[in-house]
Amino acid sequence: MSHQPVVDTKMSEEMDKPLISHRPVDSDGSLAEVPSEAPKVGIMGSGDFARSLATRLVGSGFSVVVGSRNPKRTAGLFPSAAQVTFQEEALGSPEVIFVAMFREHYSSLCSLSDQLAGKILVDVSNPTEQEHLQHRESNAEYLASLFPTCSVVKAFNVISAWTLQAGPRDGNRQVPICSDQPEAKRTVSEMVHAMGFTPVDMGSLVSAREVEAMPLRLLPGWKVPALLALGLLVFFYAYNFIRDVLHPYLQEGKNKFYKLPVSVVNTTLPCVAYVLLSLVYLPGVLAAALQLRRGTKYRRFPDWLDHWLQHRKQIGLLSFFCAALHAVYSFCLPLRRSHRYDLVNLAVKQVLANKSHLWVEEEVWRMEIYVSLGVLALGTLSLLAVTSLPSIANSLNWREFSFVQSTLGFVALVLSTLHTLTYGWTRAFEESRYKFYLPPTFTLTLLVPCVIILAKGLFLLPCLSHRLSKIRRGWEKDGAVKFTLPMDHALAQKTSHV
Amino acid sequence: MSHQPVVDTKMSEEMDKPLISHRPVDSDGSLAEVPSEAPKVGIMGSGDFARSLATRLVGSGFSVVVGSRNPKRTAGLFPSAAQVTFQEEALGSPEVIFVAMFREHYSSLCSLSDQLAGKILVDVSNPTEQEHLQHRESNAEYLASLFPTCSVVKAFNVISAWTLQAGPRDGNRQVPICSDQPEAKRTVSEMVHAMGFTPVDMGSLVSAREVEAMPLRLLPGWKVPALLALGLLVFFYAYNFIRDVLHPYLQEGKNKFYKLPVSVVNTTLPCVAYVLLSLVYLPGVLAAALQLRRGTKYRRFPDWLDHWLQHRKQIGLLSFFCAALHAVYSFCLPLRRSHRYDLVNLAVKQVLANKSHLWVEEEVWRMEIYVSLGVLALGTLSLLAVTSLPSIANSLNWREFSFVQSTLGFVALVLSTLHTLTYGWTRAFEESRYKFYLPPTFTLTLLVPCVIILAKGLFLLPCLSHRLSKIRRGWEKDGAVKFTLPMDHALAQKTSHV
Amino acid sequence: MSHQPVVDTKMSEEMDKPLISHRPVDSDGSLAEVPSEAPKVGIMGSGDFARSLATRLVGSGFSVVVGSRNPKRTAGLFPSAAQVTFQEEALGSPEVIFVAMFREHYSSLCSLSDQLAGKILVDVSNPTEQEHLQHRESNAEYLASLFPTCSVVKAFNVISAWTLQAGPRDGNRQVPICSDQPEAKRTVSEMVHAMGFTPVDMGSLVSAREVEAMPLRLLPGWKVPALLALGLLVFFYAYNFIRDVLHPYLQEGKNKFYKLPVSVVNTTLPCVAYVLLSLVYLPGVLAAALQLRRGTKYRRFPDWLDHWLQHRKQIGLLSFFCAALHAVYSFCLPLRRSHRYDLVNLAVKQVLANKSHLWVEEEVWRMEIYVSLGVLALGTLSLLAVTSLPSIANSLNWREFSFVQSTLGFVALVLSTLHTLTYGWTRAFEESRYKFYLPPTFTLTLLVPCVIILAKGLFLLPCLSHRLSKIRRGWEKDGAVKFTLPMDHALAQKTSHV
C-alpha cells in the first residue's frame with residue numbers, strides 16, 4: 001500500500017521523448033503525490049535490461065540512479081530523468097538496488113559490500129540454458145551468498161526488456177517474486193504493482209531456480225504429444241508406403257512412387273488424427289474404470305494416467321491439426337495432374353470398351369456418405385479447437401466448457417468412427433485388400449475408438465452409471481484405501497476433454 | 001486492505017509437496033508479514049471442494065482449521081499445514097467459516113449454532129440443476145435462515161475445485177459475492193483478493209439464487225440462434241430434397257437419392273448461412289426505421305427487437321460456420337465418385353456424338369464469377385469471425401470494432417448477394433426451374449438481403465441520413481414521447497454487427 | 001485507497017430494475033461501508049453518456065446528482081436513485097463533477113463558474129474526427145481554460161456508453177487519465193477503480209489531445225501493410241493479366257478472358273503472399289547486417305527500418321490471409337465449368353488421336369510435390385497466425401514466442417520457396433514462357449526470399465554468428481559511435497517475426 005509516494009507525475013515533462021508515457025496507476029487507485037521527493041531506486045548495469053528498467057521506473061514515478069563504471073559513456077543511453085553516476089555514488093541513498101548484470105560480474109560489486117549492507121538487491125538476471133544447467137545454485141542465491149547482509153529478491157526476470165519498456169498491454173502480466181526476507185519481498189511487490197505488473201509470490205529464495213527456469217521453458221506440455229504424433233506419423237507413413245507403393249512395385253512391377261508426396265501422406269494423416277483423437281478419450285474411460293473397480297475417487301491414479309489426462313488438450317489440438325491437413329490434402333487431390341490423367345484414361349477406356357454409361361451405385365453411396373461424415377467430424381473438431389483458445393475457454397463456465405469438450409468431443413469421435421467405417425465399407429473383409437498380409441490401415445485405427453465407444457455405452461447402464469455418479473459425489477466402497485493427496489488433477493479435470 | 005496480515009510465506013515450506021506454490025500477492029501490493037499469527041479460517045466439510053479450498057487458503061497464507069466428523073480418517077486428505085479436527089473444535093477461533101457441504105447436511109450444523117453465533121459463514125455450494133429448480137430459496141438464504149445470528153456470504157461457487165487449487169491462470173477470474181451484511185462481504189472480498197481472484201459485488205443475499213444459477217448456465221445466448229439455424233436447416237433441406245430428389249424421382253423416375261448426404265446438404269448450407277447473415281443486419285435497419293419514424297432515440301425498442309439486436313453476434317457466427325461448411329462441402333464435390341462418373345460419361349457422350357469441342361462461354365463465366373465472389377465473401381466473413389474473438393475484440397476501440405463489424409459485415413452481405421445472384425443467373429426466370437411450382441431456393445433467400453441493401457441505400461439519402469444522425473446525436477422531433485429506461489442496449493450497440 | 005467510503009450496497013435495492021447489478025469491488029478488496037453517506041458526484045448533461053455514467057456510478061455506490069436545464073423532462077431517463085435537478089442546484093455538494101456535454105455547450109456553464117470554483121471537473125467528451133482536426137486545443141484543455149479555478153481531469157472518453165453501463169466484462173478495461181492536478185487525478189483514479197476499470201496515468205493535461213485521439217484511431221498499424229498488400233495485388237494482377245490473358249489474345253487471338261475472376265486472381269494471390277512473407281523476414285536480415293557492419297547494437301536503426309520491423313506482425317498476417325485465399329481458390333479450380341470442359345475435351349482429343357494412355361511422369365511428380373509443399377507451408381503459416389492471437393501470445397514466454405515466430409516462420413519461408421521452385425520447375429529457362437519478354441511471375445517473387453535464405457545461411461557461419469551473438473550480448477567494436485536512444489524497439493523485438 002502506498003503510504004509512501006510512488007508516482008511523481010511532474011517527472012513526465014522532464015523525460016526526453018519517452019517511448020511510453022503511460023504510467024499505470026497504483027492498483028489501489030491512488031496516485032500518491034509527494035512532489036518533494038519521489039522514492040529513489042538504484043540500478044547497477046547499463047545493458048538493454050538496465051535501460052528498459054530505468055525507462056519504466058522513471059515512467060512509473062521513481063527517481064532512478066544508475067551506477068556505471070563509465071557514467072559519461074553510458075549516460076546518453078538512459079532517459080535524461082535518470083541520474084547516471086559512478087557505482088559507489090549510486091548506492092548512496094536508494095533502499096532498493098536492481099542488479100542488472102551478468103552473473104559473472106556479480107563479484108565485481110563485492111568491493112561495495114559495505115555500502116550495500118542492509119539494502120534490498122533485486123536480481124533480474126536470466127541465465128542462459130547452459131548457465132542454468134552448469135550452476136546448481138540460482139543466480140539470486142549466488143548473489144545472496146555474496147552479500148549476506150543484503151535482502152535479495154528475485155523478480156522481473158520473466159519480463160522481456162521490450163515488455164518492460166512498452167508496459168504490459170493487457171495490464172495483467174505476472175511477475176513471479178521470491179525472497180527469504182518478507183519485508184523486502186513486500187517492498188518489491190509494491191514496485192511491481194506501481195510499474196503495472198502483477199506480482200506473484202513464489203515463496204522463499206530456494207524457488208529462484210524455478211523462477212529462473214521459467215523463461216527457458218519451451219512448450220513443455222507439447223513435447224510428449226508432439227513426439228507421439230510424430231511417431232504415429234512415421235509408423236503409418238511406413239505402413240502405407242509398404243501397402244500402397246512397395247507392394248504394387250514388388251508384386252506387379254507397377255511404379256506408384258509418385259504417390260509419396262500426396263497420396264500416402266493423405267492416407268497417413270487421417271490415421272494419425274483419428275488415433276490421437278481416440279487417445280484423448282481413452283484415459284477418461286480408464287480413469288472411470290479404475291474408479292469403479294476401486295470404489296472410490298480418493299485414490300491417486302498411477303502417474304502415467306495422470307500425465308496422460310493432463311495432456312489431453314495438446315493431443316486433441318494435434319489431432320485437429322492433422323485432421324485439418326487431411327482435409328486440405330483431400331481438397332488438393334482433384335487438382336493433381338495424376339488425377340486428370342486417370343480421369344481421361346478412364347474415359348478413353350470406356351469409349352474403347354464401347355461402354356456408354358459408367359455408374360456403380362454402391363461406390364457412389366459409399367463416397368457420398370463418408371465425405372459428408374468427414375466434413376461434419378471436422379466441423380465438430382473445429383468447434384472444440386476454437387473453444388480451447390484461452391480467451392474463449394475463460395469466458396465459459398465449467399458446465400459449458402465440459403459440454404463442449406466432453407459432449408461435442410464425443411460426437412466428433414463417433415462421427416470420425418462412422419467416417420472411417422463407411423470409408424472402409426466391406427474392404428476389411430476382402431482378401432485382396434491384405435497386402436503382404438497387412439490389413440488395410442483403417443482397420444488398425446478402429447480398435448481403440450470402438451473400445452471407447454463401447455465402454456462409454458457400458459457406463460451408461462444404470463448399475464454402472466449410478467455407482468459412478470455416487471463415487472464422484474464422494475461415496476466410497478467399504479475398505480477403499482485412502483492415500484494422502486493434495487487432490488487429483490486428473491479427477492478435477494475428469495469431465496474435460498481435448 | 002491488508003492492515004491485518006494475510007500472507008505468511010513461512011508456511012510454504014511446511015506444505016507437503018503442494019500442487020501449486022504460487023501465492024498471488026495481495027492486490028494492493030503488500031505481502032504483509034506477521035509471522036506470529038496468520039488469520040485463521042475454518043472449513044466445514046471434507047469433499048473435493050473443501051480440500052481445494054484448504055490448499056488454496058494455506059497457499060495464500062491463511063491458517064486453516066478443518067472441521068470433520070471423522071478427523072482421523074480425513075486428515076490425510078488435507079495439506080499438512082491445515083489442522084483437521086472435530087467440528088466443534090474447529091469453530092473456536094476463526095471468524096470466517098467456509099461451509100463446504102451439501103445443502104441437505106446444513107441442518108447437521110444446527111447443534112453448533114451457539115458456537116457459530118456472530119461468525120461469518122461462507123456458502124460455497126453449487127446446487128444441481130434439479131435442486132435449483134426444486135427449492136425457491138437459494139442455498140445461501142436457507143443457510144442464513146438456519147443461522148440467523150451469523151452473517152452469511154455467498155461466494156466462490158462459480159470457481160471449480162480445480163481452478164481453486166491451481167490458482168487463476170490469468171489472475172482475473174471473477175468471484176461474485178453477495179450478502180446482507182456489508183462488513184462480512186468486505187471481509188470475504190479481502191480474502192477473495194488475497195487468494196488471487198477478483199471479487200464482484202452482487203448486492204444482498206437475495207441475489208444468491210442468481211449467483212447459484214451461474215454455474216448452471218449453458219450457453220444461454222446461443223439457444224435461440226442455434227434453434228433458428230436448425231429450423232432453417234430443416235426447412236431448406238426439406239425444400240431442396242423435394243426439388244432435387246423427389247421431383248426427378250416422381251416426374252421422371254430418376255433415382256437421385258445419392259444426393260442426400262452431400263449435394264442436398266451443400267445446397268442447404270449456403271441458404272442457411274445467407275439467411276442468417278441477413279438476419280444479422282435486418283434488426284439494425286428496423287431499428288433505424290423505427291427511430292426515423294419516432295423521431296427520437298429515447299424510446300425503448302419492442303422487446304423482440306431488443307433481443308434480436310443482442311443476439312446478432314451469435315447469429316453471425318453461426319452464419320460463418322454454415323458458410324465455412326458450405327465451402328468445405330463444395331471443395332469435396334470433385335472428390336466424389338459420382339462426379340468422376342459424370343465426367344467420364346460426359347466425355348463418352350461427346351465422343352459418341354462426334355462432338356470434338358465442348359465449351360459454353362456463358363456457363364463458364366457464370367461459374368468463374370460466382371466462385372470468385374463466394375471465396376471473397378467467405379474471406380470477409382472470416383475476418384469478422386476472428387475479430388469477434390474476445391481477446392481481439394478487447395484490443396479494438398469502438399470505432400475499429402464497428403468498422404470491422406459494420407462496414408466489413410455489410411461488404412460480406414453484398415458479396416454474398418452477388419454470389420447468390422450470379423449463381424442464380426437467369427434461372428429464376430426459366431419455367432423449367434420451377435419444380436412442383438416451387439421456385440429455386442436461391443430466389444427465396446434473396447428477398448431479405450435485397451430489402452436490407454435497398455434500405456441501407458435509402459438511409460444514405462441526404463434527407464434521411466441527416467435526420468438519422470441528428471436523432472442519434474440526441475435531437476428529438478416535437479412531441480416524441482419519452483419513456484423511463486436505463487438505456488437501450490440495442491441503441492448503444494447500434495453500429496455493432498455480427 | 002478507500003479510506004473514504006466508495007460503495008454503498010444498500011443502494012442497489014432502490015435502483016429501478018438496473019440493467020446491471022454487478023458492482024465490482026474496490027480493487028484493494030474493501031467494500032467500504034458508511035451507510036450514512038455515500039460520496040456525492042455531479043453530472044452535467046442528459047445524453048446517453050450521462051445516463052450510462054449515472055447508472056454505473058449509482059451501481060458503484062455513489063450518490064449521483066444530475067444537473068439539467070429541464071430536470072422534469074429529463075428525470076425519467078435516469079435511474080431513480082439518481083437525483084435530477086437544475087444545474088445550479090446540482091453543483092452544490094459534490095466535489096467531483098462530470099461534464100458530459102458537447103464542447104460547444106461548455107461555455108453555457110460559465111454562468112456557474114462561481115459555484116464550480118475549486119471543484120474537480122471530469123471531461124468525458126469525445127470529439128468527432130472533424131472537431132479533433134479543427135481545434136488544436138483538446139476539449140479538456142478548452143474546459144480548463146474556461147474554468148481556471150477548477151481542476152480538470154480527462155477520463156472515460158475511451159469507454160463507450162454501452163461498456164460503461166454494462167460494466168467491463170474482463171475487469172481489465174483501461175481508462176487513460178490525465179490532469180495537471182495530481183490530487184484531482186488521484187481522486188478520479190479511485191473512482192475509476194471503484195467503477196471496475198483500470199486507470200492508466202497519461203500525465204498532465206497536454207496529453208488530453210492524445211487521449212482524445214485514441215477513440216478516433218482506426219487500425220493505425222494496418223494502414224501501411226494493407227496498402228502494401230493492395231499495391232502488390234494490383235501489380236501482380238496486371239502482370240498476370242498481361243501474360244495469361246492479353247498475350248494469348250493479341251498473339252494468338254485466343255479469348256481467355258474467362259480467366260479474370262478466378263485463374264488470374266489465383267496466380268496473383270500466392271505471389272502477394274510470398275512476397276509479403278519475405279518482407280517479414282527481410283528487415284531482420286537487414287538489421288543483423290547493419291549491426292555486423294556497425295559492430296554495435298547501441299545505434300538506432302534508420303526510421304524506415306524501425307517502422308518496418310514494427311509492422312512485421314501485420315505483414316505476416318496479411319501474407320497468411322492471402323495464402324489462405326490462394327488455397328481456397330485452388331480448391332475451387334476443379335469445381336469450375338471450364339475445368340470440366342477442359343477435361344472432357346482432353347479425353348475426346350485422346351480418343352480421336354487414338355492414344356490409349358496419357359501419362360507424363362515428370363508433370364505428375366512436379367504437381368504432387370508442389371501441392372504437398374504448399375499444404376505444409378500453409379499449415380506452418382496457420383500455426384504462426386494462431387500464436388499471434390493476443391490470448392495465446394500472452395501465454396507464451398519470450399523463448400516460446402520467438403521459437404514459433406522465428407523458427408517456424410523461417411520453416412514456412414523455406415517451404416514456400418520450395419513450393420514456388422517446384423511449381424516453376426524448369427519453366428524459368430524455357431523461352432516460350434517469356435510472354436512479351438516478361439518472365440513467369442514466380443521467378444519475380446523468388447528473388448528476395450532467396451537472398452534472405454542465403455543471408456540466414458551466411459549468418460550461421462562461425463565467424464559471423466559469433467560476432468553477431470557477441471554484439472547482441474552488448475559487445476561493441478572500438479569506435480562504434482553511440483547515440484542517445486531510449487531503446488531500440490526493433491532491437492528488442494529482434495528475434496520476433498510475423
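What you are looking at is a predicted structure, and each value in this text was computed from that prediction instead of being measured. (Residues numbered from 1 in each chain as written. Chains lettered and ligands numbered in written order. Predicted model: local features only at pLDDT ≥ 70, side-chain atom pairs only at ≥ 80, totals over all residues. Heavy atoms only, no water.)

1. Looking at the overall build of chain A
Filter applied, for reference: By the criteria applied, helices consist of DSSP H or I runs no shorter than four residues and strands consist of E runs no shorter than two, each listed in order from the N terminus. Buried residues are those whose accessible area, probed at 1.4 Å on protein chains only, stays under 20% of the maximum for their type, while exposed residues exceed 50% and partly exposed ones sit between those limits. Note on contacts: a residue pair is in contact if any heavy atoms of the two residues lie within 4.5 Å. Surface accessibility in these figures is a Shrake-Rupley result with a 1.4 Å probe; residues are shielded only by whichever protein chains are displayed.
Along its length, chain A carries 21 helices and 9 strands. Classification of the 498 residues of chain A by burial places 58% in the buried group. By sequence separation, contacts in chain A at least 24 residues apart represent 75% of the contacts at least 6 residues apart. Carbon together with sulfur atoms contributes 61% to the accessible area of chain A, which is approximately 20,100 Å² in total.

2. Digging into a nonpolar patch on the surface
Residues and elements named next belong to chain A. What counts, and what does not: Patches in this entry comprise residues that are over 30% relatively accessible and not in a salt bridge; like charges within 9 Å are linked, as are nonpolar side chains (Val, Leu, Ile, Met, Phe, Trp, Tyr) within 5 Å. The term salt bridge refers to a side-chain nitrogen of Lys or Arg lying within 4 Å of a carboxyl oxygen of Asp or Glu.
Residues Leu227, Leu230, Leu233 and Val234 make up a contiguous nonpolar surface patch of about 380 Å² in total accessible area. Checked against the element boundaries, Val234 lands in helix α11 (residues 220–252). For Val234, a relative accessible area of 57% translates into the label exposed.

3. Quick word on the UniProt feature "transmembrane region" (unreviewed entry) in chain A
Residue and element names in this part refer to chain A. Our working definition: UniProt positions are given in the numbering used here, feature names are shortened, and annotations may be inferred rather than shown by experiment.
UniProt tags residues 224–242, 262–290, 315–336, 369–389, 401–422 and 442–464 as "transmembrane region" (unreviewed entry). Overall, residues 224–242 shows 100% helix and 0% strand. The separation of its end C-alpha atoms is 27 Å. Summarising residues 369–389: 90% helix, 0% strand, and an end-to-end C-alpha distance of 31 Å.

4. A word on unusual backbone geometry
A positive phi angle, close to 70 degrees, is found at Phe156 of chain A, a residue other than glycine. Mapped onto the elements, Phe156 of chain A comes out in the loop between β7 (151–154) and α8 (161–166).

5. A short note on the side chain of Ser207 of chain B
Residue and element names in this part refer to chain B. By the secondary structure assignment, Ser207 is in the loop between β9 (198–201) and α10 (208–213). Ser207 gets classed as buried once you look at its relative accessible area, which sits at 12%. Beyond its immediate chain neighbours, meaning those up to four positions away, Ser207 contacts Cys178 and Met202.

6. A closer look at the pattern of salt bridges
Under the counting rule described, the total for this entry stands at 39 salt bridges over all chains. Lys154 of chain A is the salt-bridge partner of Asp123 of chain A, the closest N and O atoms lying 2.8 Å from each other. Of the two residues, Asp123 of chain A is situated in strand β6 (residues 120–123) and Lys154 of chain A in strand β7; the sequence distance between them amounts to 31 residues. Each member of the pair, Asp123 of chain A as well as Lys154 of chain A, is classed as buried. With its nearest N and O atoms 3.6 Å apart, the salt bridge here joins Arg337 of chain C to Glu363 of chain B. Of this pair, Arg337 of chain C sits in helix α15 (residues 337–352) while Glu363 of chain B is found in helix α16 (residues 361–387), placing the two residues in two different chains. With a relative accessible area of 22%, Glu363 of chain B lands in the partly exposed category.

7. Some details on the packing of aromatic side chains
Threshold: Here is the rule: rings of Phe, Tyr and Trp (six-membered ring for Trp) pair when centre to centre is within 6.5 Å. Planes less than 30 degrees apart are stacked, more than 60 are edge-to-face, and the remainder are tilted.
Here the structure, examined in full by the defined rule, presents 39 aromatic pairs over all chains. Note on Phe331 of chain A and Phe331 of chain B: the rings are 5.1 Å apart at their centroids and 65 degrees apart in plane angle, and the pair reads as edge-to-face. Of this pair, Phe331 of chain A sits in helix α14 (residues 312–332) while Phe331 of chain B sits in helix α14 (residues 312–332), which puts the two residues in different chains. Accessibility assignment for this pair places Phe331 of chain A and Phe331 of chain B in one class, buried. Seen in terms of ring centroids, Tyr249 of chain B and Phe257 of chain B are 5.2 Å apart; in terms of plane orientation they differ by 75 degrees. Their pairing is edge-to-face. Since its relative accessible area comes to 24%, Phe257 of chain B is described here as partly exposed. Members of the aromatic cluster, connected to one another through ring pairs, are Phe235, Phe236 and Tyr239 of chain A.

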